[in-house]
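Take a look at the letters that make up each chain.
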Amino acid sequence: MIRRVLVKLYGIRRARVRSMVLWLLRRTDGDEFTSSALREIFKRYWGVEIGMYTHGGCFAPWMIDRDTTIGRYCSIAAGVRVVNHNHPLTFKSTSGLFFNPALGLTDRWLVEHRPLEIGSDVWIGANAVILPEVNRIGHGAVIGAGAVVNRDVPPYAVVLGNPARVVKYRFSEQTIAKLLAERWWDRDINQLGDLSAFQNPMTDEAPEAPVPAPAATSSQTSTVR
């Protein structure tokens, strides 16, 4: 009951009220890893869908643009910015005052948001920026701190730099294919069985140079919960 009240109360557009609601939820509905109420708030009010066991900077208002879907078991560092829209170059002004409804001069967005799909088990380092040109970040990918990503990232790729480039893959092509087929992230934490497989290095060593990786599927995060 208290969770439903707090989720509804968050709809009041006052910074102090919203900060208080988030503070209360973090103390009454579990932590970021498992709170369903926090996820409902970000889906309903911010247009961001966040999978279970994902934590970090994705729960910072204004940092992740609407129409973003984030999978399960992701680690999102502080300062990560997902930008799903551009300022208009063809309007008389590029100022957000004229196209962003949150700033009071329009009742709807006047620029297009491009949906972004972030897979499961993705690690995004501090202060990385994902630009509107990106449609998909594959399962198991790693984005280094401060990277500026302007293209899709294949599954299990490690990308660094500005603009971000693939520097290696976490595992061999064969192991990546097995992990994508296994889809362990669809299971809850208490269904994973022996956790030693997640707490020790895999026997497969990541290759030194990039190798072709399996293409991300169009429905890689179709069920986020």
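Before going into details, it helps to say that this report is about the structure given with it. (Residues numbered from 1 in each chain as written. Predicted model: local features only at pLDDT ≥ 70, side-chain atom pairs only at ≥ 80, totals over all residues. Heavy atoms only, no water.)

A word on the sheet that holds strand β5 (residues 81–82). Pairing within the open sheet is parallel, and its 3 strands lie in the order β5-β8-β11. Each edge of the sheet is formed by a strand with only one pairing partner; in this case those strands are β5 and β11 (148–149). Direction of pairing for strand β8 (residues 129–130) relative to β11: parallel, over a ladder of 2 bridges. Residue Val129 lies in a different strand from β11, and its bridge partner there is Val148. (Pairing = 2+ DSSP bridges. Helix = DSSP H or I, 4+ residues; strand = E, 2+ residues; numbered from the N terminus.)

Take the environment of Val83 next. Summarising the element assignment, Val83 is placed in the loop between β5 and β6 (116–118). Looking at Val83, the relative accessible area reads 17%, which means it is buried. C-alpha of Val83 to C-alpha of Ile130: the two residues are 47 residues apart in sequence and 6.0 Å apart in space. The residues contacting Val83, other than those within four sequence positions of it, are Asp65, Ile130, Leu131 and Pro132. (Buried < 20%, exposed > 50% of the residue type's maximum accessible area, 1.4 Å probe, protein only. Contact = heavy atoms within 4.5 Å.)

All right, on to the packing of aromatic side chains then. Taken as a whole and judged by the stated rule, the model has 9 aromatic pairs. For the pair Phe99 and Trp109, a centre-to-centre distance of 6.2 Å together with 40 degrees between the ring planes defines the contact as tilted. Linking Phe99 in the loop between β5 and β6 with Trp109 in the loop between β5 and β6, this pair joins segments that are 10 residues apart in sequence. (Phe/Tyr/Trp six-rings, centres within 6.5 Å; stacked < 30°, edge-to-face > 60°.)

A separate point is the pattern of salt bridges. Enumeration over the complete set of coordinates arrives at 9 salt bridges. Salt-bridge contacts for Glu182 lead to Arg187; the nearest nitrogen and oxygen are separated by 3.7 Å. (Salt bridge = Lys/Arg side-chain N within 4 Å of Asp/Glu carboxyl O.)

On to the nonpolar core. Formed by 50 residues in total, the largest nonpolar core has its most connected members in Ile41, Ile124, Ile130, Ile137, Ile143 and Tyr156. Within the residue set of this core, elements represented by two or more residues are α1 (2–9), α2 (15–28), α3 (36–46), β1 (48–50), β6, β12 (157–160) and α4 (173–182). Among the elements that take part in this core, α3 stands out by supplying 5 residues, more than any other. Ignoring anything within four residues of it in the chain, the contact list for Ile41 reads Val7, Tyr10, Val21, Leu22, Leu25 and Trp46. (Core = buried A, V, L, I, M, F, W, Y, C linked by side-chain atoms within 4.5 Å.)

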